[in-house]
Amino acid sequence: MKNRLEVTTPTDREIVMKRSFDAPRQLVFEAYTTPALLQRWLLGPPGWSMVVCEVDLRVGGAYRYVWRHDSDGKQMGMGGVYSEIQAPERIVSTEKFDDPWYRGEAVGTIVLTEERGRTTLIQTVRYESREVRDGVAKSGMEGGVATSYDRLEEMLSSKGAVTS
Amino acid sequence: MRGAQELSRTGTRNSAARLDNNTSRLYNHIVMFTDPLNATFAALADPTRRAILARLASGEASVTELAEPFDMSQPAISKHLKVLESAGLISRGQEAQRRPRRLEPEPLAEATLWLEQYRQLWEANYQRLDALLEEMKVAKKKKQRKGRSR
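Treat the numbers as computed from the prediction; the structure is a model and nothing was measured.

**Focus on the packing of aromatic side chains**
Point 1. Summed over the entire model, instances satisfying the criterion amount to seven aromatic pairs over all chains.
Point 2. Centroid distance Trp41(A) to Tyr126(B): 6.1 Å. Interplanar angle 25°. Geometry classified as stacked. With Trp41(A) in helix α2 (residues 35–41) and Tyr126(B) in helix α7 (residues 110–149), the pair connects residues from two separate chains. Each member of the pair, Trp41(A) as well as Tyr126(B), is classed as buried.
Point 3. On the numbers, 5.4 Å between centres and 40° between planes, the contact of Trp122(B) with Tyr126(B) is tilted. Here the residue Trp122(B) and the residue Tyr126(B) both occupy positions in helix α7, the gap between them amounting to four residues, near one helical turn.
Point 4. Overall, Trp122(B) belongs to the buried group, its relative accessible area being 13%.

This is how it looks when you write it as structure tokens:
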């Protein structure tokens, strides 16, 4: 699939996403920074809509997003401050969710490169630690997996033991 | 079965009744211990199977529900489910008619599964962005034509 999303973890604190779009990067940059446009696509799992979208696009300016679930009205908010803005190629900002799922702030970086009218996006989120990153990636998802590499290794190496 | 007896001796002391009910889980663990890494990694090596696991992490589902997102026949999906069951990654529920599959989280390598879920979440966002960008391109063209015709 030409535009398939790639998600990788090159270090133990980061999640990196790479995705191509059939559009010039000016438009992708606009879609990432204009509230009316963000509300159309930055939604998450089905059933959530963005009810607050504020963007003060300047170094030191703040952004704020709040999503609400259609069925039970439950809300989820996040926000941060821009530390770098180079239109239309780069945005760096902090990220923090209202509900403190994780310690500290994460840093989000968006890099856009264009070739022949197509844009490649590399979006990186860097968390304070591996535990925080792994916790964040699982939280917010229904269910989720409650196991870890360590536990798997432990189970496999303790021969004859029954885990419950 | 010898394997099951060894497990009972060294591990939990199950009553006979509970051993029957847990037999399927024990069989799965036996598979894990005899060829653990190969079974799990072989099961996870296929993208369809990873997507099935990611779906089951949100709750149990029937074969029909699992087959829905894939352009694949039910027998083909069932083959994948058998591989996942042999590796101890999923199990069957007890509902007589539906036999929904549910995730067995212990053997899973965390990194693979949550990355898949994260990817699916963001892929949905980016597909909406694709559609929006198409609209924006059309709007931009219209605006440029208007500008030229003045």
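**Description of the pairing of strand β7 (residues 106–115) of chain A**
All names here are of chain A.
Point 1. Bridge analysis of strand β6 (residues 90–97) against β7 gives six bridges, and the strand direction is antiparallel. Counted as the bridge partner of threonine 94 is valine 107 from β7.
Point 2. Pairing analysis gives nine bridges linking β7 to strand β8 (residues 118–126), with the strands arranged antiparallel. Across the sheet, residue glutamate 115 finds its bridge partner in β8, namely arginine 118.
Point 3. Where β7 hands over to β8, the hairpin turn is made up of two residues, of which arginine 116 adopts a positive phi near 50°.

**Structural notes on the pairing of strand β2 (residues 14–21) of chain A**
Moving residue by residue along a regular strand, the side chains alternate between the two faces of the sheet.
All names here are of chain A.
Point 1. Of all eight residues in β2, seven are buried, a share of seventy percent or more.
Point 2. Judged from the three bridges that link them, strand β1 (residues 6–8) and β2 form a sheet pairing that is antiparallel. Note on β2: the bridge partner recorded for threonine 8 is valine 16.
Point 3. Hairpin geometry of β1 and β2 is characterised by an intervening segment of five residues between the two adjacent antiparallel strands.
Point 4. Of the strand pairs in this sheet, β2 and β8 are connected by eight bridges, and their pairing is antiparallel. In the strand pairing of β8, phenylalanine 21 is matched with threonine 119.

**A look at the packing of helix α4 (residues 47–56) of chain B against helix α6 (residues 74–86) of chain B**
All names here are of chain B.
Point 1. Axis separation between α4 and α6 bottoms out at 10 Å; the angle between their running directions is 75°. In terms of orientation, α4 lies roughly perpendicular with respect to α6. Seen from α4, the contacting residues are Thr48, Arg49, Ile52 and Leu53; seen from α6, they are Ile77, His80, Leu81, Val83 and Leu84.

**Section: the sheet that holds strand β3 (residues 48–55) of chain A**
Residue and element names in this part refer to chain A.
Point 1. Judged by pairing direction, the sheet is antiparallel, and its eight strands sit side by side in the order β1-β2-β8-β7-β6-β5-β4-β3 without closing on themselves. Strand pairing shows two members of the sheet lacking a second neighbour, β1 and β3, which therefore form its edges. In this sheet, adjacent strand axes meet at a mean angle of 20° when their direction is disregarded.
Point 2. Contacts from helix α1 (residues 25–33) reach β2, β3, β4 (62–69), β5 (75–86), β6, β7 and β8, with the element oriented near 155° to β7.

**As for α4(B)**
Residues and elements named next belong to chain B.
Point 1. In terms of burial, α4 is largely enclosed, as seven of its ten residues are buried.
Point 2. Taken as a whole, α4 has its buried residues at Thr48, Arg49, Ala51, Ile52, Leu53, Ala54 and Leu56.
Point 3. In this structure aspartate 46 caps α4, since a side-chain oxygen of it lies 2.8 Å from the backbone nitrogen of threonine 48.

Conventions we followed
Numbers given for residues are sequential positions, taken from 1 along each chain in its written order. Chain letters start at A and ligand numbers start at 1, both assigned in the order the entries are written. Confidence filtering applies because this is a predicted model: local features only for residues at pLDDT of at least 70, side-chain atom pairs given and counted only at 80 or more, and all residues used for totals across whole chains, interfaces and linings. Think of the side-chain values as coming from all heavy atoms in the structure, minus any hydrogens and water. Note on ring pairs: Phe, Tyr and Trp rings are taken, using the six-membered ring of Trp, and paired if centres are within 6.5 Å. Classes follow the plane angle, with under 30 degrees stacked, over 60 edge-to-face and the rest tilted. Here a strand is any run of E in DSSP of at least two residues, a helix any run of H or I of at least four, and the numbering for each starts at the N terminus. Burial classes: relative accessible area under 20% of the type maximum marks a residue as buried, over 50% as exposed, and values in between as partly exposed (1.4 Å probe, protein chains only). For two strands to count as paired, DSSP must find a minimum of two bridges between them. Working convention: axes come from line fits to C-alpha atoms, limited for helices to the stretch in contact. Angles between N-to-C directions cover 0 to 180 degrees. Here roughly perpendicular refers to angles of 65 to 115 degrees, roughly parallel to angles under 35, roughly antiparallel to angles over 145, and oblique to all remaining angles. Whether two residues are in contact is decided by their heavy atoms: any pair within 4.5 Å suffices. We call two N or O atoms a polar contact when they sit within 3.5 Å, provided that within protein one can donate a hydrogen and the other can accept it, with sequence-adjacent residues counted only if both atoms are side-chain atoms.

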